[in-house]
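Here's the letter readout for the chains.
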Amino acid sequence: MKLKKICTAMLSSVLVLSMAACGSSAPSAAGSAPAGGSVAADNASSAAGGDTGAASAEKKRVCFVARASADTFAAWMTNEMKKAAEQYDNIELTCVSGEGDDNTENGLLEDCITKQYDLVIVQSNNNAAQAPYVKNLVDAGIPVITTNPTTHQSDLDGSDDNSVLAGTGTVDADPVAQAQVSAARAVSEVPQNANVVVLRGPSGNYHAEKRREAWDTYFFNERPDVTILYEDYANWNSDEAMTLMESWVQAGTHIDAIISMNDNMAAGAIEAIRGDSNYVNADGTTNFLAYGVDGTAQGCLLIKEGLLTATALQSASDLAKKNMDYAAKVLSGEMQVTEVNDYVDAPEINAENVDEYIQIYIDNGEISADGNIAA
């Protein structure tokens, strides 16, 4: 199965997500909430519009501010947040996207104050850029949970204080543990005197920076013989990664391994060399290694193809369920938002266990029975 088919299907999913912008999956003609709770998805342009998050008096209004709808993981998490919210009859969830732009996301956070949401869940694009706006939410008396990544006190004041930003809670994953999974195995897998390339997430993003630091700690410090041919920011984006990889390959030096801070960028880099006989043999075997993070459906299918070596699962489903569970508890008064501090695990996915994870994605509808990303 070709990655282009995967990317096309993923794009279709993103378009469906954007087209769902005016309400839940099955609103009535009058726009009232369906039984079981409403899930409204707004696009970024709604920030200047009317109060699309308005709900009946008995419902608590929660807004999830995602970093970008074109980001595979952020889109996955948005879908999972909507699924999780359906379990709470007294919560109406609105989903908006910052589209990978700090100004757009900051405007959406300001809009959450204007619309007086009862609770806001924030997935920052750039921790330092969003931190002052997260604090504004707290100062306005709105409970805030930051997720994937956590917003830290250091993001706000530039200090060395890596505690969770005062007044907020967090549901996250440990980015160091995520990267360590692949970095540790790469120590023995990557050939001697190898040439590698490194694809980084957005500058200033906590997960992007900590995953990169983990590769230094658990791989590059252990393998001083390895040369980093090229390293650049692809901002979690597969298209940017593909463009970079095409340029790097044209330089002529063989690349022995792709080290990517997420699966989506690894997928873009792999697409750039999929048809290159210097990297993929006629029988489908490869002359390179590739490592990612997130354990997305796309990443799992690439492992099944033998194109991605390993990844670490960051379960958007688990993150979403935890976020909504804690949101419900905070809104009911069962706990304070500052008591929310929880992290999901980072199990390794490789050729030996990938079928197990593919089956999970088939069961939840993200991968079709014929082995393609579901539209």
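The sections below set out a description of the structure shown in this document. Please read these numbers as outputs of a predicted model, since none were measured by experiment.

### Some thoughts on the overall build of the chain
The secondary structure content of the chain amounts to 12 helices and 13 strands. Contacts in the chain between residues at least 24 apart in sequence constitute 75% of all its contacts with a sequence separation of at least 6. Surface accessibility of the chain: about 15,000 Å² in total, with carbon and sulfur atoms responsible for 47%.

### As for the packing of helix 2 (residues 72–85) against helix 11 (residues 316–332)
Look at helix 2 against helix 11: their axes get within 8 Å of each other, and the N-to-C directions meet at 45°. Looking at the two axes, helix 2 sits oblique to helix 11. As helix 2 packs across helix 11, the resulting crossing turns out to be right-handed. On the side of helix 2, the interface is formed by F73, W76, M77, E80, M81, A84 and A85, while helix 11 contributes A316, S317, L319, A320, K321, N323 and M324. Along the lines of polarity and charge, the residues of the contact of helix 2 with helix 11 split into 10 nonpolar, 2 polar and 2 charged.

### Topic: the pairing of strand 2 (residues 60–66)
In summary, the side chains of a regular strand alternate between the two faces of the sheet. Burial of strand 2 is extensive: 6 of the 7 residues sit out of reach of the surface. Assessed by its sense of winding, the connection that carries the chain from strand 2 through helix 2 to strand 3 (residues 91–97) is right-handed. Across 4 bridges, the pairing between strand 2 and strand 4 (residues 119–122) is parallel. Opposite F64, over in strand 4, you have I121 as the bridge partner.

### Digging into the packing of aromatic side chains
Enumeration over the complete set of coordinates arrives at 7 aromatic pairs. Summarising the aromatic geometry, the rings of Y230 and W248 are spaced 5.5 Å apart at their centres and angled 5° between planes, so their arrangement reads as stacked. Separated by 18 residues along the polypeptide, Y230 in strand 8 (residues 227–233) and W248 in helix 8 (residues 238–250) bring together distant segments of the chain. Note on Y230: relative accessible area 28%, which makes it partly exposed. W248 gets classed as buried once you look at its relative accessible area, which sits at 7%.

### Side note on the pairing of strand 6 (residues 169–173)
Across the 5 residues of strand 6, 5 count as buried, placing the element largely inside the fold. Side chains G169, V171 and A173 of strand 6 all project onto a buried face; the interleaved residues T170 and D172 project onto the opposite face, where all are buried too. Strand direction decides the pairing type here: strand 5 (residues 144–147) and strand 6, joined by 3 bridges, are parallel. By the bridge assignment, T146 is partnered in strand 6 with T170. Note that strand 6 and strand 12 (residues 341–344) share 4 bridges and pair parallel. Note that in strand 12 the partner of V171 across the bridge is D342.

Conventions we followed
- Residues numbered from 1 in each chain as written.
- Predicted model: local features only at pLDDT ≥ 70, side-chain atom pairs only at ≥ 80, totals over all residues.
- Heavy atoms only, no water.
- Helix = DSSP H or I, 4+ residues; strand = E, 2+ residues; numbered from the N terminus.
- Contact = heavy atoms within 4.5 Å.
- Areas by Shrake-Rupley, 256 points an atom, 1.4 Å probe, with all protein chains shown as cover.
- Axes fitted to C-alpha atoms, helices over the stretch in contact; angles between N-to-C directions.
- Parallel < 35°, antiparallel > 145°, perpendicular 65-115°, else oblique.
- Left-handed = near helix turned anticlockwise from the far one by under 90°.
- Nonpolar A, V, L, I, M, F, W, Y, C, P; charged D, E, K, R; others polar.
- Buried < 20%, exposed > 50% of the residue type's maximum accessible area, 1.4 Å probe, protein only.
- Right-handed = clockwise from strand over helix to strand, strands pointing away.
- Pairing = 2+ DSSP bridges.
- Phe/Tyr/Trp six-rings, centres within 6.5 Å; stacked < 30°, edge-to-face > 60°.

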